[in-house]
2 protein chains.
Amino acid sequence: MKKDLVEPKTLPGFLELLPQEQIAFDKMLETIRESYLKFGFAPLDTPVLELSEVLLAKAGGETEKQIYSLEKGDNKMTMRFDLTVPLAKYVAKNYHMLTFPFRRYQIGKVWRGERPQNGRFREFYQCDIDIVGDGELSIINDAEIPAVIYHTFKNLGFDNFTIRVNNRKILGGLCQHIGAGERVADVLRIIDKIDKIGEDKVKKELEDLGLSQEAIKTVIDFIRISGTPIDICQKLSELGILNETYITGVDELKVVAAYIGNFGIPESNFKVDLTIARGLDYYTGTVYETVLNDHLELGSVCSGGRYDNLAGHFTDKKLPGVGISIGLSRLFFQLRKADVVKVGGSSPVECLIVPLDEDLSYSIDLATFLRGKGVSTSVYVEKKGMKQKMNYANKLQIPFVAIIGETELANREVALKNMMSGEQECIKFEDTAEKILAYFNK
Amino acid sequence: MKKDLVEPKTLPGFLELLPQEQIAFDKMLETIRESYLKFGFAPLDTPVLELSEVLLAKAGGETEKQIYSLEKGDNKMTMRFDLTVPLAKYVAKNYHMLTFPFRRYQIGKVWRGERPQNGRFREFYQCDIDIVGDGELSIINDAEIPAVIYHTFKNLGFDNFTIRVNNRKILGGLCQHIGAGERVADVLRIIDKIDKIGEDKVKKELEDLGLSQEAIKTVIDFIRISGTPIDICQKLSELGILNETYITGVDELKVVAAYIGNFGIPESNFKVDLTIARGLDYYTGTVYETVLNDHLELGSVCSGGRYDNLAGHFTDKKLPGVGISIGLSRLFFQLRKADVVKVGGSSPVECLIVPLDEDLSYSIDLATFLRGKGVSTSVYVEKKGMKQKMNYANKLQIPFVAIIGETELANREVALKNMMSGEQECIKFEDTAEKILAYFNK
């Protein structure tokens, strides 16, 4: 390398894909977008940079450590670290211009200065939907969210996944009931370990927390509850816990469970899981996690929940909402690593025209014709040998090559080669588009 | 406002749209993307943040003043200010993994700290295509670029626009010929004013520059050349300028002009304009500008050109290329202001289901059915009066409302109201999708 050259590096933790990978990534992103659109969510695109005082209105210590901030002129700015705070700002700012319930999707990059490792990126895509109410928001919206998750992951090509649903009011009410209303996080941390450490050790740790034997029995009875979603709700009602938080939580969970069939979600893809709570402290009701059962090591690939008040730092208006997020960059990286997402076999070019002659008019006419009919077309115009031209088509995995030699030119024909089957046939200029479109079922 | 609330502000110069505007914006963006794809360009998505040493390898004073930079850990980083430098880095970095000519499109935001005014944004979308060769790149690629511009703007709904093409070698050769090889910029600045100040003043200014009367005559003869692209090329050849740069430029322009018919570009949309040069100093051959003739005040809405070497700061490989860029945020803003782009009449929701009853099962069944058939559907589940429910549909400009009352539920029917015509009819549950899809010609 010459001494004055700069090394063309990309920052660690910043995903940058080769073309074939990018095509696969874009396909996933488009599938998610189309799924969100099918549920009637409106698009939103907020700025990447916001005033720091706006983005950090609510943020705590961990967030502040991870943010990318900068100053320019008099402005202290921060790159968005999620799509939720920008949504809160947007809804508060445009309150009088929006129609509620406000249903929006946003797909965009966010930045967090985490240690890059195993699919944790510093710049990554989030794909969010939220439904925000003005003052109140029906619980039926919570019931619809699993339907969005289900259809999105079905459209992404998955079958064996489980949408796990819980309601934080149930956990909160349980803890109130056993006199541990301030210790919800601790109780949860312990019961979450039952699969790993077993019932006896869980009991021991709950004892160490200062819970009575009766309280511990209630907790153990609680986490032993199993069955269909409806069964679980029934058993929760029979547990003898009578505080309002708990009863409301169980009622809400009942509604969410009641409609899953109507929303087209098979029972096998839906599960009530009383132990999930989601880390974020702003969830107040229904919470969601989604796991791919063949790849549990990925953790939850789509999570979210209900919150009481989206924009309390920006407005006096009460704006309850419910939403989910898919961390697409990480998901894509891990699915590629597990070879679940395959690349290759797709090309931005559907037909490559390869002229053997110097006069390109006929070849360009063909390209214009094909593009007009909806075929993505490229013409190989460099002066190279036939072998190099075909090599180009092979490397880009282009499915059709239209070879234009003297004979084709003279007869207004095209030697169309299917690069997958190797078959080549001579067809009329006018029949080329139909032939290729038929292959793609267009 | 309570005293501890943060004002939900958006930074000046940062575009943030209301839902109806966002839908119109996304439609333009998707049209551009689809047009680029039709020409077989592969997608690329480079990081927003790059090492400052990489992004600024080549930058000059103006760029450095406008950039958004930040430091985190040991890294000095800059937000990309165009999509060209990241492309140069990408191609140099992945040289051995790419297939040349490398045809990529990239649509993404870039950041420049310009004074925000009249559609100049600090965060804005660029929509770029480039064709990058390895060592050499056929001039036919330059001829294809106007086809991409033409079809993109046609697909955006425009008819009355002109793609102006020139070749910088012609201007360079002309200046060499008159002994002003070092003064190209000055000569150009003067001849560019001919429409404003007239021929006599142009002559005077060229005199002040120190040009001989013979040289001035040549320049005046040059800028008086007009006619069809082919005519202009012919007249350029007859001007008696014999240096190699000039002759190559005219030959290249001839090739570009020769194929426009084959590329499907009507003569009325294409013009050779000998005075355009583009400001950026890296263009070396063909240059492009595009104007909307009914909105000349917008300036060029799509510009670009040929460059000799894309990535000279990153690699010893010679990588010539040709490309264009559409500044979408500015274009959208100005077209909205001129009322060329209309908003409204499009909704993310194609059918809103309005249940009159408490039991939502039937309504949700209908939503699931419609979504499965490809209709974007939403269910109004809030407890509100009929008037408010219909008001919601009106505000969101939803074209169909499916009203589900007791009768509809009992008969497995739907009262489907076309919100545009006001017509309402009672149809079978199963016929709903077909009815709505027919309206959208799906």
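Everything below is about the structure shown above.
A few points on the structure. (Residues numbered from 1 in each chain as written. Chains lettered and ligands numbered in written order. Predicted model: local features only at pLDDT ≥ 70, side-chain atom pairs only at ≥ 80, totals over all residues. Heavy atoms only, no water.)

Turning to the interface of chain A and chain B, a few remarks are in order. The interface is formed by 101 residues belonging to chain A together with 101 residues belonging to chain B. Roughly 8,500 Å² of surface becomes buried between chain A and chain B when both sides are summed, with 58% attributable to carbon and sulfur atoms. When the area that chain A buries against chain B is broken down by residue, the three leading residues are Leu-11, Lys-38 and Arg-371 of chain A, summing to 8%. Connecting chain A to chain B are six salt bridges. Two residues, Glu-144 of chain B and Arg-371 of chain A, come together in a salt bridge whose shortest N-O distance is 2.6 Å. At the boundary of chain A with chain B, the tally comes to 43 residue pairs in polar contact (both at pLDDT 80 or more). A total of six residues in the side of chain A that touches chain B trace back to one element, the largest contributor, which is helix 1 (residues 19–38) of chain A. Residue composition of the side of chain A that touches chain B, grouped by class: 52 nonpolar, 23 polar and 26 charged. (Contact = heavy atoms within 4.5 Å. Buried area = accessible area lost by both parts, 1.4 Å probe. Salt bridge = Lys/Arg side-chain N within 4 Å of Asp/Glu carboxyl O. Polar contact = N/O pair within 3.5 Å; in protein donor to acceptor, adjacent residues only side chain to side chain. Helix = DSSP H or I, 4+ residues; strand = E, 2+ residues; numbered from the N terminus. Nonpolar A, V, L, I, M, F, W, Y, C, P; charged D, E, K, R; others polar.)

By the definition in use, this model includes five cavities of 30 Å³ or more. Considering only enclosed or pocket space, the largest cavity measures out at about 80 Å³ in volume. Taken together, Asp-45 of chain A together with Leu-15, Leu-17, Gln-22, Phe-25, Lys-109, Glu-123, Phe-124, Tyr-125 and Ser-329 of chain B form the lining of the largest cavity. Only helix 1 (19–38) and strand 6 (123–132) of chain B provide two or more residues apiece to the lining of the largest cavity. A per-element tally of the lining of the largest cavity places strand 6 of chain B first, with three residues. Split into classes, the residues belonging to the lining of the largest cavity amount to five nonpolar, two polar and three charged. Taken as a whole, the second largest cavity spans an internal volume of roughly 70 Å³. Along its surface, the second largest cavity is lined by Leu-15, Leu-17, Gln-22, Phe-25, Lys-109, Glu-123, Phe-124, Tyr-125 and Ser-329 of chain A together with Asp-45 of chain B. Listing elements by their share of the lining of the second largest cavity, those giving two or more residues are helix 1 and strand 6 (123–132) of chain A. The leading source of residues in the lining of the second largest cavity is strand 6 of chain A, at three residues. When its residues are assigned to classes, the lining of the second largest cavity shows five nonpolar, two polar and three charged. (1 Å grid on protein atoms, 1.4 Å probe; cavity = no way out; pocket = protein on both sides within 12 Å on 5 of 7 lines; lining within 4 Å. Points joined across faces, edges and corners; volume = space filled by probe spheres on them.)

When chain A is brought onto chain B, the operation consists of a screw motion whose angular component is 180 degrees and whose axial shift is 0.0 Å, with 0.1 Å RMSD remaining. The two molecules are tied by a two-fold rotation axis, judged by turn and shift. Scanning chain A for the C-alpha nearest the rotation axis identifies Leu-70 of chain A, at a separation of 2.7 Å. Taken together, the interface assignments show that 100% of the residues at the interface of chain A recur at the interface of chain B, consistent with an identical surface on both copies. (Least-squares fit on C-alpha atoms with pLDDT ≥ 70 in both.)

A few words on the nonpolar core. The biggest cluster of nonpolar side chains holds 106 residues, and the ones touching the most others in it are Phe-153, Leu-236, Leu-292 and Leu-331 of chain A together with Cys-351 and Ile-353 of chain B. Beyond its immediate stretch of four places on either side in the chain, Leu-331 of chain A contacts Met-28, Phe-153, Leu-292, Leu-298, Val-301 and Ile-326 of chain A. Counting 105 residues, the second-largest nonpolar core is a separate cluster that includes Phe-25, Phe-124, Phe-222 and Leu-274 of chain B. (Core = buried A, V, L, I, M, F, W, Y, C linked by side-chain atoms within 4.5 Å. Buried < 20%, exposed > 50% of the residue type's maximum accessible area, 1.4 Å probe, protein only.)

We now examine the sheet that holds strand 10 (residues 303–307) of chain A. All names here are of chain A. Taken in spatial order, the eight strands of this open sheet run 1-5-6-11-10-9-7-8, and their pairing is mixed. A single partner strand is all that each edge strand has here, and the edge strands are strand 1 (42–43) and strand 8 (270–272). Alignment of strand 7 (residues 161–167) against strand 8, held across three bridges, turns out to be parallel. Note that in strand 8 the partner of Ile-163 across the bridge is Phe-270. (Pairing = 2+ DSSP bridges.)

These figures capture arrangement, not role.
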